[in-house]
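# Summary of the model geometry
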Amino acid sequence: MGLEQDRLMMVRAELSDQLDALRLTSFDANPVQFLMRLEQIRKTAAQQRFDAVAEIASVFEAAMQKVIERGGSAEVVGNFTDILSDAIGCRELETSAASAMLANVALRLHG
């Protein structure tokens, strides 16, 4: 049990570092770098079985594709990065947790 807990802590630290790097990247100034960093979060989460984080990152990527067409990146980025942060620290790693968190994003974005 101790080794698994250590692994989870290390993965959470790695994902948190990746999220910090994403937050420091302006989507408007450098959308390619932003999307590459977001994809790295998704890949890391998927490889480490952080299914909720991977699912949220995937939906975040899709939302950013719409932002490219319509604009409004600040609100989308702010809401999704907050939810990603919550998901990284969440004890529940399954995609069912992602559904609840994504519903939260929908409420934030659409009132």
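It should be noted that the structure appears before, not after, this text.
Residues numbered from 1 in each chain as written. Predicted model: local features only at pLDDT ≥ 70, side-chain atom pairs only at ≥ 80, totals over all residues. Heavy atoms only, no water.

### Examining the pattern of salt bridges
Test applied: The salt bridge definition used is simple: a Lys or Arg side-chain nitrogen within 4 Å of an Asp or Glu carboxyl oxygen. The helix count covers DSSP runs of H or I at least four residues long, the strand count covers runs of E at least two residues long, and both are numbered beginning at the N terminus.
Applying the stated criterion across every chain yields a total of 5 salt bridges. Put simply, D82 and R23 hold a salt bridge, and the shortest N to O gap is 3.7 Å. With D82 in helix α4 (residues 73-89) and R23 in helix α1 (residues 2-23), the pair connects residues that are 59 residues apart, well separated along the chain. A cluster of three or more residues bridged by salt bridges with shared partners is formed by E39, R42, K43 and E61.

### Thoughts on the environment of A45
Selection rule: To sort residues, take the accessible area from a 1.4 Å probe on protein chains only and compare it with the maximum for the residue type: under 20% means buried, over 50% means exposed, and anything in between is partly exposed. Only heavy atoms enter the contact rule, under which two residues are in contact if any of them lie within 4.5 Å.
Secondary-structure assignment places A45 in helix α2 (residues 31-47). For A45, a relative accessible area of 0% gives the class buried. Note: C-alpha distance between A45 and E14 (31 residues apart in sequence) is 9.6 Å. When near neighbours in sequence (up to four residues on either side) are disregarded, A45 contacts L15, F50, V53 and A54.

### Focus on the packing of aromatic side chains
Heads up, the condition is: Here the aromatic set is Phe, Tyr and Trp, taking the six-membered ring for Trp, and pairing holds for ring centres within 6.5 Å; pairs whose planes are under 30 degrees apart are stacked, those over 60 apart are edge-to-face, and all others are tilted.
Here the structure, examined in full by the defined rule, presents 3 aromatic pairs. Aromatic side chains F27 and F34 sit 5.4 Å apart centroid to centroid with 80 degrees between the ring planes, which places their arrangement in the edge-to-face category. Across the pair, F34 and F27 agree in class, each one buried. One aromatic cluster in this structure is built from F27, F34, F60 and F80.

### Concerning the nonpolar core
Selection rule: As used in this record, nonpolar core signifies buried Ala, Val, Leu, Ile, Met, Phe, Trp, Tyr and Cys residues forming a set joined through side-chain atoms within 4.5 Å.
Judged by nonpolar contacts, the single largest core of 27 residues is most densely connected at L15, F34, L38, V53, F60, M64 and L84. Contributing elements (two or more residues each) for this core: α1, α2, α3 (51-70) and α4. A per-element tally of this core places α3 first, with 8 residues. Apart from the residues lying within four places of it in its own chain, the contact partners of L15 are I41, T44, A45, F50, V53 and I88.

### As for the side chain of T25
Looking at the secondary structure, you find T25 in the loop between α1 and α2. Here T25 is in contact with N30, Q33, F34 and R37, once residues within four sequence places are set aside.

### Some details on α3
The following threshold applies: Multiply 1.5 Å by the residue count of a helix minus one, and that product is the helix's expected span.
A rise of 1.5 Å per residue sets the reference length of α3, with its 20 residues, at 28 Å; its end C-alpha atoms lie 29 Å apart and thus fit the reference within 8%. Just past α3, the residue G71 takes up positive phi, approximately 85 degrees.

### Quick look at the side chain of S73
To be explicit about the condition: Whenever a nitrogen or oxygen atom comes within 3.5 Å of another N or O atom, the pair is scored as a polar contact, on the condition that within protein one atom can donate a hydrogen and the other can accept it, and that pairs from neighbouring residues in sequence are kept only if both atoms are in side chains.
Checked against the element boundaries, S73 lands in helix α4. In terms of polar contacts, S73 uses its side chain to reach the side chain of D28, at 2.9 Å. Residue contacts for S73: discarding those within four places in its chain leaves F27, D28, M64 and V67.

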